[in-house]
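Tertiary structure, described
Listed below, chain by chain, are the residues.
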Amino acid sequence: MTGARGREPAVNLLRREFGLSGLVELRHQVERRALDCGLRDMALYRFVVAVNEITTNAVRHGGGHGRLELWRAARRLHCRITDHGPGLPAGHRPRRPGTHDASGRGLWLAQQSCGDLTIETGSRGTTVSLSVPAG
């Protein structure tokens, strides 16, 4: 990994495989690393919520486990979550859930929290990448 346009080497902060039993500890690890990178208050809260939503989706819909990579580059904090589930339907986009929808909020909430969110999906799984400015 390199920083934006190769100018700055990326600093790896966390790489970890996870499953259901490790989600809480993973969330705490991400929060500690984000704090170390200067995220505070609502920016910290939103980033941690976004990562938690995506890791939970990986467990619930993506085969029961996933891999998280967290790094800092070019004054941004980046996170990539990969699962090995069946992938999302072609053309899927996060959408605002209806008032009475029991599920379907995860990707939409993550996108609202981070703005910079990309989804790559196929029959071998889904990768969600997000990033936020870091001090």
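These lines cover the structure that appears in this document, whether it is placed above or below. Given the structure is predicted, the values throughout are model-derived calculations rather than measurements.

**Looking at the pattern of salt bridges**
Within this structure, the stated rule accounts for five salt bridges. Note that Glu-69 and Arg-15 form a salt bridge whose closest N and O atoms lie 4.0 Å from each other. Taken together, the residues span a long stretch of sequence, with Glu-69 in strand β2 (residues 65-73) and Arg-15 in strand β1 (residues 11-19) at a distance of 54 residues. Owing to a relative accessible area of 11%, Glu-69 belongs among the buried residues under this scheme. Relative accessible area serves as the criterion here: at 46%, Arg-15 is assigned to the partly exposed category. Residue Glu-17 is joined to Arg-67 by a salt bridge in which the shortest nitrogen-to-oxygen separation is 2.9 Å. Residue Glu-17 is found in strand β1, and its partner Arg-67 is found in strand β2; the two are separated by 50 residues along the sequence. Overall, Arg-67 belongs to the partly exposed group, its relative accessible area being 29%.

**Digging into the environment of Gly-63**
Summarising the element assignment, Gly-63 is placed in the loop between α2 (41-61) and β2. Using a relative accessible area of 55% as the deciding quantity, one classes Gly-63 as exposed. Taking the C-alpha atoms as reference, Gly-63 lies 9.8 Å from Gly-87; in sequence the two are 24 residues apart. With residues up to four places along the chain from it excluded, the contact list for Gly-63 reads Ala-58 and Gly-85.

**Quick word on the sheet that holds strand β3 (residues 76-83)**
The strands making up a sheet are joined through hydrogen bonds of the backbone, oriented either antiparallel or parallel. Strand order in this open sheet of five strands is β1-β2-β3-β5-β4, and the pairing throughout is antiparallel. Among the strands making up the open sheet, the edge pair consists of β1 and β4 (116-122). Pairs of neighbouring strands in the sheet enclose a mean axial angle of 10°, with direction left out of account. Pairing between β2 and β3: eight bridges, direction antiparallel. Within the sheet, the bridge partner assigned to Trp-71 lies in β3 and is His-78. Here helix α1 (residues 23-36) sits on the sheet and contacts β1, β2 and β3; the angle it forms with β1, its principal contact strand, is near 170°. In the packing of α2 onto the sheet, the strands contacted are β1, β2, β3 and β5 (125-133), and the crossing angle to β3 comes to about 10°.

Rules and cut-offs
- Residues numbered from 1 in each chain as written.
- Predicted model: local features only at pLDDT ≥ 70, side-chain atom pairs only at ≥ 80, totals over all residues.
- Heavy atoms only, no water.
- Salt bridge = Lys/Arg side-chain N within 4 Å of Asp/Glu carboxyl O.
- Helix = DSSP H or I, 4+ residues; strand = E, 2+ residues; numbered from the N terminus.
- Buried < 20%, exposed > 50% of the residue type's maximum accessible area, 1.4 Å probe, protein only.
- Contact = heavy atoms within 4.5 Å.
- Pairing = 2+ DSSP bridges.
- Axes fitted to C-alpha atoms, helices over the stretch in contact; angles between N-to-C directions.

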